[in-house]
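Each chain, letter by letter, is given below.
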Amino acid sequence: MSSMPRVVIVGAGASGLACAISLKKVHGHDNFTIYEKGSDVGGTWRDNIYPGCSSDVPMSFYSLSSDLHDWPQSHGSNEDIQAYWVGLTRKYGLYRHIEFNKTVVLAEWNSEKQLYTLTVENLATGEQSVTTAAIVVSAIGVLGFPRYAGIPGRETFKGELFHSGRWDTSIDLAGKKVGVIGNGASATQFIPCITEDPNVNVVNFCRTPNWLLPPARKTYSNLRRAILRNIPFAYRLVRWAVFLRFEFMYLAVFGNAFLRKIVTKLLTSYIRYTAPPGLHDKLIPSFPVGCKRVIFDTHYLKALHRPNLKVNWDGVERITEDGIITKTGDRIPLDVLIFATGYAADEYPLPVVGNRKMSIQESFRADGGGKAYLGTTVPGFPNFFMITGPNVVTGHTSVIYTTEVQINYIMQLIAPILGREIESLEVTQNATDAYDDKIQARLSNSVFMHCHSWYRVGGQGKVTNNFPAAATVFWLWLRKPNWNHYKVVGGESNLSMKYVAK
Ligand SMILES: Cc1cc2nc3c(=O)[nH]c(=O)nc-3n(C[C@H](O)[C@H](O)[C@H](O)COP(=O)(O)OP(=O)(O)OC[C@H]3O[C@@H](n4cnc5c(N)ncnc54)[C@H](O)[C@@H]3O)c2cc1C
Ligand SMILES: NC(=O)c1ccc[n+]([C@@H]2O[C@H](COP(=O)([O-])OP(=O)(O)OC[C@H]3O[C@@H](n4cnc5c(N)ncnc54)[C@H](OP(=O)(O)O)[C@@H]3O)[C@@H](O)[C@H]2O)c1
């Protein structure tokens, strides 16, 4: 086995683990290591421990197609989801492949040796070591690097301060004045939970409203769970039904202006019906539905009726040692400040240097933002594969689905490398340019262009996070590699005989 080319996966979140499982299942490949900067697997679900954190996609579809699970509720809490991934890590014997508390600080392609040299830092000791791999898979996620919104004065605040993605469980909020900056998916999940206690006084600093869908969470009956466990194909049917529901949602929200108008009316009525009347004007967005991530309401609108929750729309001017000064000059004293201000999703943080002696960051900058063929491969970076690379997020369906589609594609691409039929494989510039032109033409006419969001470079530039079509199209495009879009080193004839001819 060890004579097989070595694969390094960066990141042990859902994507890295799913990739490792496929390496074992599809290729029987065992010569791989996952480097993980955290101290356990799970990524998003290890890090997000804020009260009320849960999926907004039903778990029947937000789980691996190979590992269906008997979920007690439609939507999983962070604990349930984390336990699921820890369970899969054990089931597939992945722990022995993972090196925790190790961050990959550089991956550099060596054209002569046809492999990557990786520099790995041990976060416990600060020591750096060097290792090599024939193939590198980036599974570092998109929503793992907290952003603090660049508000001046953050370092002067003398109270407790943390980001929603790094919740500080040691702080008891009871009896405290708590400021929450942001009203996106994270804030709207934890604000209803923390304000359940009338002794927690929250001021929610909001800048832009969001479209919210009515709550969708259900607890499953024992009968339903027994049916799904025991009747063959019942679970598959449920998964298909959820998939199709989200595809319909794509059509209604992103694909059709007439249906979007109807959805807009329905969601406006939902906000008017649920939120306090005095806030309606502020809470109803002026941008089209789908432009920002649509949020499944977890009773945030209802919580706005609570006397211990106030919404402030004046804008945050700066943070002082004891609170916030708004753009209207009001001083709001605070004991705790929670940043629910999202993530640096427009910057790819893993330093990779390819065969053009250019880093991937320089390459993306030159292109005005992330650009990858099918969101997976980048010209100039042989044997380097990205999961959730540029323009992969659909904004309407399960990320685990898109991850599985990408992994299936990557498993096909790496087959000739693992089999030592070729040494390396690199997507052509032409194929990448043509693909990017196609998707950017679609995106420039899309709903995503009408507001500020993490989908776009700097919030308002090129859309580099979204895929501009339904999830079915994503599957269709990545189902089989077009080998003509790749150039190879070593064994060109092997590739053409065995793969291109198919
Ligand atoms: C609060 C929250 C809720 C969400 N809910 C949903 C949902 O309901 N449905 C949905 O489809 N999506 C949801 N998402 C998106 C979610 O991020 C993805 O669904 C999925 O979990 C991403 O998995 P991943 O493995 O690609 O990335 P991550 O989970 O981010 O994992 C990446 C891993 O890589 C590690 N890493 C990063 N850089 C390095 C490095 N240089 N060296 C070593 N290790 C590194 C990180 O520590 C991390 O463990 C949610 C996101 C958030 C933040
Ligand atoms: N399963 C789930 O339901 C779930 C839960 C959490 C997260 N997620 C995923 O994670 C993504 C990120 O969610 P998130 O809520 O963490 O981040 P986010 O959606 O990026 O929201 C960040 C919030 O911070 C606000 N903000 C930023 N700078 C500000 C400033 N200077 N002053 C005031 N407000 C400011 C933003 O306002 P503007 O809108 O004005 O920029 C926005 O309301 C989601 O889109 C979703 O994909 C999913």
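Every chain's residues receive numbers from 1 upward, in the order its sequence appears when written. Going through the entries in the order they are written, you letter the chains from A and number the ligands from 1. Totals for whole chains, interfaces and linings use all residues, but because this is a predicted model, local features are given only for residues with pLDDT of at least 70 and pairs of side-chain atoms are given and counted only at 80 or more.

(A) Fine view of the overall build of the chain. In this text, helices come from DSSP runs of H or I with a minimum length of four residues, and strands from runs of E with a minimum of two, each type numbered from the N-terminal end. Looking only at helices and strands, the chain features 14 helices and 21 strands. Dimensions of the chain, computed from C-alpha atoms along their principal axes, come out at roughly 70 × 50 × 45 Å. Whether a residue is buried, exposed or partly exposed follows from its count of other C-beta atoms within 10 Å of its own C-beta, namely 20 or more, 12 or fewer, or something in between, respectively; the C-beta atoms are built from the backbone. Out of the 502 residues in the chain, the part that is buried amounts to 44%. Throughout, a residue-residue contact means that the two C-beta atoms, derived from backbone geometry, are no farther apart than 7 Å. Sequence-distant contacts, at least 24 apart, represent 72% of the contacts inside the chain between residues at least 6 apart.

(B) Inspection of the site of ligand 1 at higher detail. In the neighbourhood of ligand 1, 32 residues make up the surrounding shell, with Gly 11, Gly 13, Gly 43, Gly 141 and Val 399 lying closest. Sorting elements by how many residues they give to the shell around ligand 1 places helix α1 (residues 14-27) first, with 3 residues. Split by residue class, the shell around ligand 1 holds 14 nonpolar, 15 polar and 3 charged. Nearness between a residue and a molecule or strand is assessed with a C-beta atom placed from the backbone; a distance within 6 Å qualifies. Charged residues are taken to be Asp, Glu, Lys and Arg, nonpolar residues to be Ala, Val, Leu, Ile, Met, Phe, Trp, Tyr, Cys and Pro, and polar residues to be all remaining types, Gly included.

(C) Spotlight on the site of ligand 2. As a structural note, the neighbourhood of ligand 2 is formed by 25 residues, with Asp 56, Gly 182, Gly 184, Thr 208 and Gly 342 the closest of them. Ranked by residue count, the leading element in the shell around ligand 2 is helix α4 (residues 185-194), at 4 residues. The class makeup of the residues in the shell around ligand 2 is 11 nonpolar, 11 polar and 3 charged.

(D) Helix α11 (residues 399-418), seen in detail. In this model, α11 (20 residues) spans 27 Å end to end at C-alpha, consistent with the 28 Å of a helix rising 1.5 Å per residue. The reported bend at a residue is simply the angle between two axes, fitted to the 7 residues ending at it and to the 7 residues beginning with it. Along α11, the largest kink reaches about 30° and is centred on Gln 412; proline Pro 416 follows within four residues of it. Looking one or two residues past α11, Arg 420 carries a phi angle of roughly 55°, positive in sign. Take the number of residues in a helix, subtract one, and multiply by 1.5 Å to get its expected span.

(E) Representation of the domain arrangement of the chain in the model. As used throughout, domain bounds are those supplied by an automatic or database domain assignment. Each assigned domain of the chain is listed with its residue range as follows: domain 1 (7-145 + 344-500) and domain 2 (154-339). The centre of domain 1, based on its C-alpha atoms, is set 28 Å off from the matching centre of domain 2. Domain 1 puts 31 residues into the contact, and the matching count from domain 2 is 39 residues. Class assignment of the residues belonging to the side of domain 1 that touches domain 2 gives a composition of 14 nonpolar, 14 polar and 3 charged.

(F) A look at the pairing of strand β14 (residues 316-320). Strands were regarded as paired on the criterion that DSSP finds at least two bridges between them. Examined bridge by bridge, β14 and strand β15 (residues 323-326) share 4 bridges and lie antiparallel to one another. Bridge pairing in β15 links Ile 319 to Ile 324.

(G) Seen up close, the sheet that holds strand β5 (residues 115-122). If you trace the 4 strands from one edge of the open sheet to the other, you get β6-β5-β4-β18, paired in mixed fashion. On the outer flanks of this sheet lie β6 (128-133) and β18 (352-353), each paired with one strand and no other. Note that β5 and β6 share 6 bridges and pair antiparallel. Among the inter-strand pairings, Tyr 116 is bridged to a residue of β6, identified as Ala 133.

(H) Quick peek at the nonpolar core. Ile 9 and Val 137 are the most contacted members of the largest nonpolar core, which has 79 residues in total. Looking at which element gives the most residues to this core, the answer is α11, with 7 residues. What Ile 9 contacts, discounting residues up to four positions off in sequence, is Gly 16, Cys 19, Ala 20, Phe 32, Ile 34, Val 137 and Ala 139. The term nonpolar core refers to a set of buried Ala, Val, Leu, Ile, Met, Phe, Trp, Tyr and Cys residues connected through C-beta atoms within 7 Å. Core analysis: the next-biggest nonpolar cluster, separate from the first, contains 48 residues, Val 200, Leu 283, Val 316 and Phe 448 among them.

(I) The arrangement of the sheet that holds strand β8 (residues 160-163) in detail. Reading across from one edge, β8-β17-β9-β10-β13 is the order of the 5 strands in this open sheet, with parallel pairing throughout. The open sheet terminates on both sides in strands that have one partner only, identified here as β8 and β13 (309-312). With strand direction ignored, the average angle separating the axes of adjacent strands in the sheet is 20°. Sheet analysis places strand β9 (residues 177-181) next to strand β17 (residues 336-339), joined by 4 bridges and oriented parallel. Bridge pairing in β17 places Gly 179 opposite Leu 337. Here an axis means a line fitted to C-alpha atoms, over the contact stretch when the element is a helix, while the angle between two N-to-C directions is reported on a 0 to 180 degree scale.

(J) Helix α3 (residues 78-91), seen in detail. With 14 residues, α3 ought to run about 20 Å at 1.5 Å a step, and its terminal C-alpha atoms sit 20 Å apart, in line with that. Residues Asn 78, Ile 81, Gln 82, Tyr 84, Trp 85, Leu 88 and Thr 89 constitute the buried set of α3. On an axial view of α3, the arc spanned by its buried residues comes to 155°, and they lie on one face. Turned more than 90 degrees from where α3 packs its buried face, Glu 79, Gly 87, Arg 90 and Lys 91 sit exposed. Taken together, the buried residues of α3 touch α1 and α2 (44-47). With its phi angle positive at about 60°, Gly 93 sits one or two positions after the end of α3. Each C-beta atom gives one direction from the helix axis, and the arc is the one those directions make.

(K) Up close: unusual backbone geometry. One non-glycine residue with positive phi stands out, namely Asn 101, at about 55°. Its location among the elements puts Asn 101 in the loop between β3 (98-99) and β4 (102-110).

(L) Region of interest: the packing of helix α6 (residues 234-255) against helix α7 (residues 257-274). Look at α6 against α7: their axes get within 6 Å of each other, and the N-to-C directions meet at 95°. Relative to α7, the element α6 lies roughly perpendicular. Residues Leu 251, Ala 252 and Val 253 of α6 form the contact with α7, whose own contacting residues are Leu 259, Arg 260 and Val 263. Counted by class, the contact of α6 with α7 contains 5 nonpolar, no polar and 1 charged residues. Our angle categories are set so that under 35 degrees counts as roughly parallel, over 145 as roughly antiparallel, 65 to 115 as roughly perpendicular, and the remainder as oblique.

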